[in-house]
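Summary of structural features
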Amino acid sequence: MNTLSIRQSVVDLCIKLSHIGYLAGTGGNIALRIDAERFAVTPSATDYLSMSAADVCVVRLSDLQRLEGERTPSVETSLHARVLRQRPEVLCSIHTHQPVASACALLGRSLEVDNEATRRVIGPRVPLIGYMPSGTGLLAWMVGRAIRPDLNAYLMRNHGVLCCGSSLEAAVASVNALENLAHRHLAQRITQQISTHPQRAAALKRVLHTLETP
Ligand SMILES: [Zn+2]
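In this report, the structure presented in the accompanying data block is examined. (Residues numbered from 1 in each chain as written. Predicted model: local features only at pLDDT ≥ 70, side-chain atom pairs only at ≥ 80, totals over all residues.)

1. Digging into the overall build of the protein chain
Along the protein chain, the regular secondary structure elements total seven helices and 10 strands. Here the protein chain has a C-alpha radius of gyration of 18 Å; the compact-globule value for 214 residues is 17 Å, and the two agree. The dimensions of the protein chain, computed from C-alpha atoms along their principal axes, are 60 × 35 × 30 Å. In the protein chain, which comprises 214 residues, the share counted as buried stands at 38%. Intrachain contacts of the protein chain at a sequence separation of at least 6 include 60% that bridge at least 24 residues. (Helix = DSSP H or I, 4+ residues; strand = E, 2+ residues; numbered from the N terminus. Rg over C-alpha atoms; globule rule 2.2 N^0.38 Å. Buried ≥ 20, exposed ≤ 12 C-beta atoms within 10 Å, placed from the backbone. Contact = placed C-beta atoms within 7 Å.)

In structure tokens, the structure reads:
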């Protein structure tokens with residue numbers, strides 16, 4: 001099977017997410033399942049806006065051996081492999097440092113999902129995965145422990161987020177749903193702070209204004 005069209009889908013998705021501001025430069029990475037044995041993954045340290053399909057790596061799911069692609073696979077390849085192994089129905093796994101949800105990942109708490117439409121996309125809550133350094137087996141292990149069949153979005157403490165879906169579109173919907181939820185959550189927290197700390201209201205209102213005008 002020619003993998004070029006799937007690798008091109010990874011390129012197109014990277015460009016789309018870069019334009020929205022969810023991937024910046026070389027930050028974040030994407031995995032797309034090809035079949036039961038293989039997946040495509042973004043290369044390490046490559047600018048997503050100048051990447052081509054030939055740069056996207058094809059990796060074997062069982063042992064992460066690179067099968068195609070000139071470049072080194074993403075440092076988070078083992079993290080994505082955990083998702084794809086533990087969730088056979090997942091086609092696409094996305095790790096980003098998207099701005100608002102990543103800010104929530106600094107707060108050190110999981111998020112409850114506040115409405116039915118969002119629950120249908122990402123599930124009833126967004127768990128917080130404990131901190132481990134980027135690109136390590138320990139981080140992949142922590143992610144593996146957190147993965148649940150009914151949850152499609154995760155906060156990675158002090159780092160970013162992990163989202164997945166049964167199609168490329170569903171994974172992107174998870175990324176968007178998480179960012180919007182994180183936005184509502186932060187706005188709510190700041191509004192609460194304004195009422196409990198009136199002496200800091202002016203500064204907090206400026207933060208709220210920044211959040212509301214991306
Ligand atoms: Zn990262």
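2. Some thoughts on unusual backbone geometry
Although it is not a glycine, leucine 64 adopts a positive phi angle of roughly 65°. For leucine 64, a count of 15 C-beta atoms within 10 Å gives the class partly exposed. At asparagine 158, a position not held by glycine, the phi torsion is positive, near 55°. Asparagine 158 gets classed as partly exposed once you count the C-beta atoms within 10 Å, which come to 13.

3. Quick word on the pairing of strand 3 (residues 57-60)
On a regular strand, each side chain points to the face opposite its neighbour's, so the side chains alternate between the two faces of the sheet. On strand 3, burial follows the alternation: Cys57 and Val59 on one face are buried, whereas Val58 and Arg60 on the facing-out side are not. With four bridges connecting them, strand 2 (residues 38-41) and strand 3 associate as antiparallel partners. Bridge pairing in strand 3 places alanine 40 opposite valine 58. As paired strands, strand 3 and strand 4 (residues 66-68) are joined by two bridges and run antiparallel to one another. Note on strand 4: the bridge partner recorded for valine 59 is arginine 66. Joining the antiparallel neighbours strand 3 and strand 4 is a turn of five residues, in which leucine 64 adopts a positive phi near 65°. (Pairing = 2+ DSSP bridges.)

4. Describing the nonpolar core
General note: in soluble globular proteins, nonpolar side chains tend to be found buried as a group. In this structure, Leu32, Val161 and Leu178 are the most contacted members of the largest nonpolar core, which totals 55 residues. Considering every element that reaches this core, the biggest residue donor is helix 6 (residues 168-196), with seven residues. Dropping the residues within four chain positions of it, leucine 32 is found in contact with Ile6, Ser9, Val10, Phe39, Ala40, Leu91, Cys92 and Leu168. (Core = buried A, V, L, I, M, F, W, Y, C linked by C-beta atoms within 7 Å.)

5. Some details on the packing of helix 6 against helix 7 (residues 201-212)
Following both chains from N to C, one finds helix 6 and helix 7 inclined at 165°, their axes separated by 9 Å at the closest point. Taken together, the axes of helix 6 and helix 7 lie roughly antiparallel to each other. Note that helix 6 runs across helix 7; the crossing there is left-handed. Two secondary-structure elements touch here, helix 6 through His183, Leu186, Ala187, Ile190, Thr191, Gln193 and Ile194 and helix 7 through Ala201, Leu204, Lys205, Val207, Leu208 and Leu211. For the contact of helix 6 with helix 7, a count of residues per class yields nine nonpolar, three polar and one charged. (Axes fitted to C-alpha atoms, helices over the stretch in contact; angles between N-to-C directions. Parallel < 35°, antiparallel > 145°, perpendicular 65-115°, else oblique. Left-handed = near helix turned anticlockwise from the far one by under 90°. Nonpolar A, V, L, I, M, F, W, Y, C, P; charged D, E, K, R; others polar.)

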